[in-house]
Amino acid sequence: LKKAAYGLIDGSRLFYLELKNKLEKLGLKMVSADSALFTLHRSGKLVGIVCMHVDDLFMTGNSHFKQIMTKELATFFKFSKVEEHKFKFLGCEIEKHANGDITLNQSEYIS
């Protein structure tokens with residue numbers, strides 16, 4: 001980012017455009033129904049997904065996809081943390097269990 005900075009009105013937009021550009025250079029395609037969702041297909045099969053919200057990213061896919069994406073994106077952007085297996089994204093607790101099951105929990109929003 002050459003001129004975007006925190007506090008600028010268009011900072012978020014410029015970050016999105018830069019991230020979109022990097023994801024597309026890595027072979028991901030934006031989903032037409034959602035400009036914050038990108039997918040990567042190899043030989044006709046879905047191998048990875050990247051979902052973004054402002055400056056938070058959710059990445060999932062096969063082990064090769066996750067390794068490459070984390071490595072490549074880290075060359076352009078600083079990650080404050082990379083979490084796996086149990087984490088929070090947009091207020092939703094997400095946990096991946098050893099058997100492959102995934103649990104979504106938003107119990108903190110229940111009054």
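In this report, the structure presented in the accompanying data block is examined. Treat the numbers as computed from the prediction; the structure is a model and nothing was measured.

## Notes on the pattern of salt bridges
1) Next: Inspection of every chain in the model, using the stated rule, returns two salt bridges.
2) Next: We note a salt bridge from K22 to E18, for which the minimum N-O separation is 3.2 Å. With K22 and E18 both in helix α1 (residues 11-25), this residue pair falls four residues apart, about one helical turn.
3) Next: Note that K20 and E24 form a salt bridge whose closest N and O atoms lie 3.0 Å from each other.

## Details of the environment of L57
1) Next: Along the chain, the position of L57 falls in strand β4 (residues 56-61).
2) Next: Note on L57: relative accessible area 27%, which makes it partly exposed.
3) Next: Sequence separation between L57 and F89 is 32 residues; the distance between their C-alpha atoms is 8.4 Å.

## Things to note about the pairing of strand β6 (residues 92-96)
1) Next: Pairing analysis gives four bridges linking strand β5 (residues 86-89) to β6, with the strands arranged antiparallel. Bridging across to β6, K88 finds its partner in E93.
2) Next: Linkage of β5 to β6, two consecutive antiparallel strands, is achieved through a turn of two residues, within which L90 is found at a positive phi near 55°.
3) Next: Relative to strand β7 (residues 102-105), β6 runs antiparallel, the two sharing four bridges. Note that in β7 the partner of E95 across the bridge is T103.
4) Next: The antiparallel pairing of β6 with β7 creates a hairpin that spans five residues between the two strands, and G100 there sits at a positive phi of about 95°.

## Considerations on the environment of A36
1) Next: Inspection of the secondary structure assignment puts A36 in strand β2 (residues 34-42).
2) Next: Judged by relative accessible area, which is 17%, A36 ranks as buried.
3) Next: Setting aside residues no more than four positions away along its own chain, A36 makes contact with V50, C51 and M52.

## A few points about the sheet that holds strand β1 (residues 29-31)
1) Next: With antiparallel pairing, the four strands of this open sheet are ordered in space as β1-β2-β3-β4. In this open sheet, the two strands that pair with only one neighbour each are β1 and β4. Strand-to-strand twist across the sheet, computed as the mean angle between neighbouring axes with direction ignored, equals 30°.
2) Next: Summarising the sheet, β1 and β2 pair through three bridges and their orientation is antiparallel. Within the sheet, the bridge partner assigned to M30 lies in β2 and is F38.
3) Next: Its contacts with the sheet put helix α2 (residues 63-74) on β2, β3 (45-53) and β4, and the angle it makes with β4 is roughly 150°.

About the cut-offs
Residue numbers here run from 1 along each chain, matching the order of that chain's written sequence. Residues qualify for local features only when their pLDDT is at least 70, as the model is predicted, and side-chain atom pairs are given and counted only at 80 or more; totals for whole chains, interfaces and linings, by contrast, use all residues. Just so you know, side-chain values use all the structure's heavy atoms and leave hydrogens and water out. Criterion for a salt bridge: a side-chain nitrogen of Lys or Arg within 4 Å of a carboxyl oxygen of Asp or Glu. The helix count covers DSSP runs of H or I at least four residues long, the strand count covers runs of E at least two residues long, and both are numbered beginning at the N terminus. The rule is simple: take the accessible area with a 1.4 Å probe, protein chains only, and divide by the maximum for that residue type; under 20% is buried, over 50% is exposed, in between is partly exposed. Pairing between two strands requires that DSSP report at least two bridges joining them. Between two residues, a contact is recorded if the distance between any of their heavy atoms is within 4.5 Å. In this description, a line fitted to the C-alpha atoms serves as the axis of each element, helices being fitted only across the stretch in contact, and the angle between N-to-C directions of two axes falls anywhere from 0 to 180 degrees.

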